[in-house]
Structure formats: structure tokens, C-alpha cells
Amino acid sequence: MARGCGIIQYRQIKQVLLIFIMLNIQENVPLSKFTTFRIGGPAKFFVVVSNEAELLEALKYAENQGLDFFVMGGGSNVLVSDQGFNGLVIKLSNAEFLIDGLSVEAGAGVPLAKLVRETGAKGLAGVEWAAGIPGTVGGAVRGNAGAFSRTTGESVKSVRVYDVAEKKVEDYSASDCAFGYRDSHFKHDKKLIILSVKFEFTLGSQEELEQKSREIIQKRVSIHPHGMGSAGSFFMNPTVENQELIQEFENQKQTKARGNKLPAGWVIEYAGLKGKKMGGAIISETHGDFILNTGGATASDVIMLESFVKQQVRDRFGVQLQREVEYIGF
Ligand SMILES: Cc1cc2nc3c(=O)[nH]c(=O)nc-3n(C[C@H](O)[C@H](O)[C@H](O)COP(=O)(O)OP(=O)(O)OC[C@H]3O[C@@H](n4cnc5c(N)ncnc54)[C@H](O)[C@@H]3O)c2cc1C
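Residues numbered from 1 in each chain as written. Predicted model: local features only at pLDDT ≥ 70, side-chain atom pairs only at ≥ 80, totals over all residues.

What about the pairing of strand β12 (residues 156-163)?
Right, so step 1: Pairing of β12 with strand β14 (residues 192-200) involves seven bridges; the strand directions are antiparallel. Bridging from a neighbouring strand, D163 pairs with L192 of β14.
Right, so step 2: Note that β12 and strand β13 (residues 168-173) share six bridges and pair antiparallel. In the strand pairing of β13, R160 is matched with D171.
Right, so step 3: What sits between the antiparallel neighbours β12 and β13 is a turn of four residues, in which K167 has the positive phi angle 55°. (Pairing = 2+ DSSP bridges. Helix = DSSP H or I, 4+ residues; strand = E, 2+ residues; numbered from the N terminus.)

And the structure:
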């Protein structure tokens, strides 16, 4: 346990049913341990919740103590400030998982890797392309995680959500979710916590799906850097008006730009920024859209590098890059 850690046992008798809920709320927990970037100061308070009742208790605790809260899944798309988070971090680990014919219901805390594995093993087609993406089902739905022209939202039937402002549970149909490129309705309302997700799959062949997932993992290993902390692609792929840049991309890659969108990694590489380093943070030599923690990088190093990349790309090509990674504690 980290220096200064203590444990507050928070007990509450739940309504007349006398359900006894005990939360293990820890203090001063270094968040670097819970993020794939391996960066970040401490959470003032930190709790892992493994079911909805515990989540509600944690939220009540935050409200009673006047604390800000932050919901974390796999910590694979976040940059935590060096000062940490001055509130309660609630790590979701609700992992209920039910397969019923072509439908699957998964708790928000289920690792996306488990969803890919278990559905592939049952010959259910729909998320095999997501093999190798870290994080949870909740995080993937919120950000509409995607790869190889496929997205999580395509397989979503409905999403069960807790609305912290209204204090009620609601079901969102797929169209209510307003999925877009790395976007959903939930991304714009921090008071909405995804509890569980119903997916609808199509019937496929177990062998083919598992083979596809293996191939995708191999492809990812060959094009993505590994062995250092990161949050995956740091910037979203920009929509570009600069026709010369689009032409250059199409000539170099011998492929058409889709809807004037260019891969951020290619734009950063073309700006000559691969290998650019600030403190412990570096633009990967393998993939221009990955900022890596070479060891000991601070959030400030990452932010300085982000600003530098944005400014260079804007000055050279008139393209404004947008960050995909979520900031916490800034
Ligand atoms: C090596 C690597 C490769 C990656 N490859 C890809 C890729 O190919 N495609 C892609 O899209 N992404 C990729 N990512 C990014 C990341 O894995 C995804 O965005 C992932 O879906 C984030 O899920 P998470 O559970 O880790 O979310 P977290 O990082 O924990 O959280 C991200 C945001 O979602 C919110 N959130 C999390 N859970 C919930 C919930 N239940 N309800 C409401 N809000 C919630 C958090 O509050 C935060 O704002 C990659 C990351 C890494 C490190």
C-alpha cells in the first residue's frame, strides 16, 4: 500500500432490507498503477466497486462528503495529472456476463478482451475486430472504441445507465446513444454512468472468428509500439481541408482518404515529429499517434509534447488536432 494510505471502512445499512454494504475506500492511492500510461498522482480517495449497489453507495459517499468523483474503467484512455485527483475515483469492476442466443449482456467493468474471447468462442460475430484493445466494455461504449473501420456502437442494442443528477437508472436504445467517431451521448454528460450493455451479434463460425482475432492481434503487434506506457492513439484522426495534404497522403499510401479524414499518425509523421521527446514522453518511432512513457514521464511532459505537436501540425498544414485521451485532475 502506498505511503499515507489508510482505509476507511464505510458501512451503511441499506433501506429496510438490511443489505449490508461495506466499501473499502482507500486514501492517497497512486493512480499511475491503474492507467496504461503509468502516469498520475494520487486519488484522494479510491474505491473498487463490483456491483451496482456498491456503486450507489460510493456515489452517496462522495455526495455526503462533498467530493468530486471520477469513474474509471481500465484506465487505458486517460492521462492523470501529476497532482492526482482531489476527490473519489470509483473503479468499475462489475463483471456480470450473460450470453443468451445472439444477445450478450455485459457489466460495464467487463474487460473488452473477455467480450471478444467469450463471444468468439460461441461463434458470435460482431466484436472480433476489437481483439487487442485494452479497457472495459463501459469505456469502449462511452468512447465508441473502434479499429479497422469497425466500432463498438455497431453491435450495441441498448445501454443501462445510472443518471447521477436524476438519481435514476435509464435504458438507452442504440439510437439514443448517438454513436459517432470516437463519440457517444455519454461522452458529453459526466453524470451518466454506464452500468451494463446489451449487445446483439450475428451467427458466425467459431474457428473463423478466433482466427480473425488472432490475425488482428498480430497486425496490432506489428503496427503499434509495445513495452512502454501509453494510452493508445493520443489524437483523433482529423478531417482535413488542405487538399495538398490529402493528395500527398493518397500518393504515399496509394489509398483514398475517407471523407477527407487522415490518420493522425500519418499527419504527425509527415510533419517530421516521430521520435520528438520532451522529458520522459516521446512520439513513437513506430506509430506517430502514440505518445509513449519512456519511464518516469510526467503528465506535464505529455502535455508539453501534445501542445508542441498540435502547434507544429497547425502551423505546417492548417490542421487542428483534437485529443482523444481524457484528462483527469486538471
Ligand atoms: C495499447 C493501446 C491500444 C489502444 N487501441 C485502441 C483502438 O484500437 N481503438 C480505440 O478506440 N481505442 C484504443 N485504445 C484506447 C482505449 O483502450 C479505449 O478507448 C478503451 O475503450 C477505453 O476503455 P477504458 O475502460 O480503459 O476507459 P478509461 O480509460 O478507464 O476511461 C476513459 C473515459 O471513459 C469514462 N468511463 C469509463 N467507464 C465508464 C462507464 N462505465 N460509464 C461512464 N464513463 C466511463 C471515464 O470516466 C473516462 O472519461 C488503446 C489504448 C491502448 C493503451
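What about the domain arrangement of the chain?
Right, so step 1: We note that the domain assignment places domain 1 (7-92), domain 2 (97-208) and domain 3 (225-328) within the chain.
Right, so step 2: When each unit is reduced to the centre of its C-alpha atoms, the spacing between domain 1 and domain 3 is 32 Å.
Right, so step 3: At the interface, 14 residues of domain 1 touch 14 residues of domain 3.
Right, so step 4: Per-element tally for the side of domain 1 that touches domain 3: the top contributor is strand β5 (residues 78-80), with three residues.
Right, so step 5: Grouping the amino acids of the side of domain 1 that touches domain 3 by side-chain chemistry returns seven nonpolar, five polar and two charged. (Domains from an automatic or database assignment. Contact = placed C-beta atoms within 7 Å. Nonpolar A, V, L, I, M, F, W, Y, C, P; charged D, E, K, R; others polar.)

Things to note about the sheet that holds strand β18 (residues 291-293)
Right, so step 1: Across the sheet, three strands lie side by side as β16-β17-β18; this open sheet has antiparallel pairing. Each end of this open sheet is capped by a strand with a single partner; those strands are β16 (277-278) and β18.
Right, so step 2: Looking at chain direction, β16 and strand β17 (residues 281-283) are connected through two bridges and run antiparallel. In the strand pairing of β17, M278 is matched with A281.

Details of the nonpolar core
Right, so step 1: Core analysis: the largest hydrophobic core is formed by 87 residues, its most contacted members being A58 and I90.
Right, so step 2: Ignoring any residue separated from it by four or fewer positions in sequence, one finds A58 in contact with L23, V47, V49, L88 and I90. (Core = buried A, V, L, I, M, F, W, Y, C linked by C-beta atoms within 7 Å. Buried ≥ 20, exposed ≤ 12 C-beta atoms within 10 Å, placed from the backbone.)

Focus on the environment of D189
Right, so step 1: If you trace the backbone, D189 turns up in the loop between β13 and β14.
Right, so step 2: Between the C-alpha atom of D189 and that of S81, which follows or precedes it by 108 residues, the distance is 21 Å.

Looking at unusual backbone geometry
Right, so step 1: At N144, a position not held by glycine, the phi torsion is positive, near 45°.
Right, so step 2: If you trace the backbone, N144 turns up in the loop between α3 (137-142) and β10 (146-147).
Right, so step 3: Of note in this structure, Q254 is not a glycine but carries a positive phi near 55°.
Right, so step 4: Along the chain, Q254 turns up in the loop between α5 (243-253) and α6 (264-270).
Right, so step 5: Given 7 C-beta atoms within 10 Å, Q254 falls into the exposed group.

Here's the deal with helix α2 (residues 112-121)
Right, so step 1: Listing the buried residues of α2 in full gives L112, L115, V116, T119 and G120. One face of α2 carries all of its buried residues, which in axial projection span an arc of 115°.
Right, so step 2: In this fold, the buried residues of α2 make contact with β8 (103-107), β9 (124-125), α3 and α4 (206-223).
Right, so step 3: Positive backbone phi, at 70°, marks G123, one or two positions downstream of α2. (Arc of directions from axis to C-beta.)

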